Amino acid sequence: PPPPWQLTTTPTSAARPLTLPATASVRQGLMYDAERFFTAALGEARTSGSARALDGALHNLGTFHSQVGKADAAASYYEQSLEAARRRGDRHSQAVTLSNLGGLATLTGKSGAALQYLREASDAIEGLADRQLEAIVLTEFGNAYNAMADFAAAKASWTDARAAASDAQDQGLIAVTT
């Protein structure tokens, strides 16, 4: 199954009006325009002084670059987003970004790094009671184990992900893990 890449929405800030057309550009396949809008949103987030907007803009650029196959740029933006989320103490954002870093590491053949990121993501979501996010992380674990040819562990992770997605009533994730 493909990893569940996520674009985050930037909170109400000067960057938000730029995030919406960037996302629309991605959906329309206008990647040059999307990159310009996401980069402008990052500039606005930095200017605004909002740590949450900065985290969101960095994360969105990481997701954009992962979608267009620029793994090194994606990892750099994700690492910056992770640092911003850690400074804010936002465990949910940390887990989402760590999960995306894990998925990116899996796709680039770095299974050991993928498992480390995903273990950190699991630690970050402990106590959050977010079954949807748990399903996302478990799906990525399954993808990592599958890439390592540990098919029993992959199946177990995907089975657990499906249960978590079912609990969260997330039909999209249920379909991905089936």
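The shown structure was predicted, so the numbers you read here are calculated from the model rather than taken from an experiment. In every chain, residue numbers begin from 1 and rise along the written sequence. Per-residue local features are limited, in this predicted model, to residues with pLDDT of at least 70; the limit for side-chain atom pairs, both in listing and counting, is 80 or more; totals at the level of whole chains, interfaces and linings are taken over all residues. Values reported for side chains reflect all heavy atoms of the structure, with hydrogen atoms and water molecules removed beforehand.

Novice: Would you take a moment to explain the overall build of the protein for this structure?
Specialist: For helices the rule is a DSSP run of H or I covering at least 4 residues; for strands it is a run of E covering at least 2, with both sets numbered from the N terminus onward. Helix and strand counts for the protein come out as 9 helices and 0 strands. The linear arrangement of helices and strands in the protein, starting from the amino end, is α-α-α-α-α-α-α-α-α. Between two residues, a contact is recorded if the distance between any of their heavy atoms is within 4.5 Å. Of all intrachain contacts in the protein linking residues separated by at least 6 positions in sequence, the fraction that spans at least 24 positions is 53%. Only the protein chains shown count as covering a residue, and every accessible area follows the Shrake-Rupley method with a 1.4 Å probe. Summed over all atoms, the accessible surface of the protein reaches about 8,400 Å², with 52% contributed by carbon and sulfur.

Novice: How should I be thinking about the packing of helix α3 (residues 51-67) against helix α5 (residues 91-107) in this particular structure?
Specialist: Any two packed helices are characterised by how steeply their axes cross, that is the angle between the axes, and by the distance between the axes. Between N-to-C directions, angles cover 0 to 180 degrees, with each direction set by a line fitted to C-alpha atoms, over the stretch in contact for helices. Relative to each other, α3 and α5 sit at 20 degrees, their axes nearing to 11 Å. Relative to α5, α3 is oriented roughly parallel. When you trace α3 past α5, the crossing you get is left-handed. Where α3 approaches α5, its residues D55, H59, T63 and S66 are matched on the opposing element by S93, V96, T97, N100 and L104. When its residues are assigned to classes, the contact of α3 with α5 shows 2 nonpolar, 6 polar and 1 charged. Each angle receives one of four descriptions, namely roughly parallel if under 35 degrees, roughly antiparallel if over 145, roughly perpendicular if within 65 to 115, and oblique otherwise. In a left-handed crossing the near helix is turned counterclockwise from the far helix by less than a right angle, and in a right-handed crossing that turn is clockwise. Gly falls in the polar group here, along with every residue not listed as nonpolar (Ala, Val, Leu, Ile, Met, Phe, Trp, Tyr, Cys, Pro) or charged (Asp, Glu, Lys, Arg).

Novice: How should the packing of aromatic side chains be read in this particular structure?
Specialist: The relation between two aromatic rings is expressed through the spacing of the ring centres and the mutual angle of the planes. Pairing of aromatic rings covers Phe, Tyr and Trp, the last counted by its six-membered ring, and requires centre-to-centre distances within 6.5 Å; plane angles under 30 degrees mean stacked, over 60 mean edge-to-face, and any other angle means tilted. Counted by the stated rule, this structure contains 2 aromatic pairs. Their ring planes at 50 degrees and their centres at 5.9 Å tell us that F38 and F64 sit as a pair that is tilted. Residue F38 is located in helix α2 (residues 31-48), and its partner F64 is located in helix α3; the two are separated by 26 residues in the primary sequence. Here F38 and F64 have matching classes, each one buried. Exposed residues in this analysis have more than 50% of their type's maximum accessible area, buried residues have under 20%, and partly exposed residues fall in between, with area computed by a 1.4 Å probe over protein chains only.

Novice: Help me out: how do you make sense of the environment of Y32 in this one?
Specialist: Here Y32 is to be found in helix α2. Of the residues examined, Y32 reaches a relative accessible area of 60% and is grouped as exposed. Distance in space between the C-alpha atoms of Y32 and A22 is 9.6 Å, their sequence separation being 10 residues.

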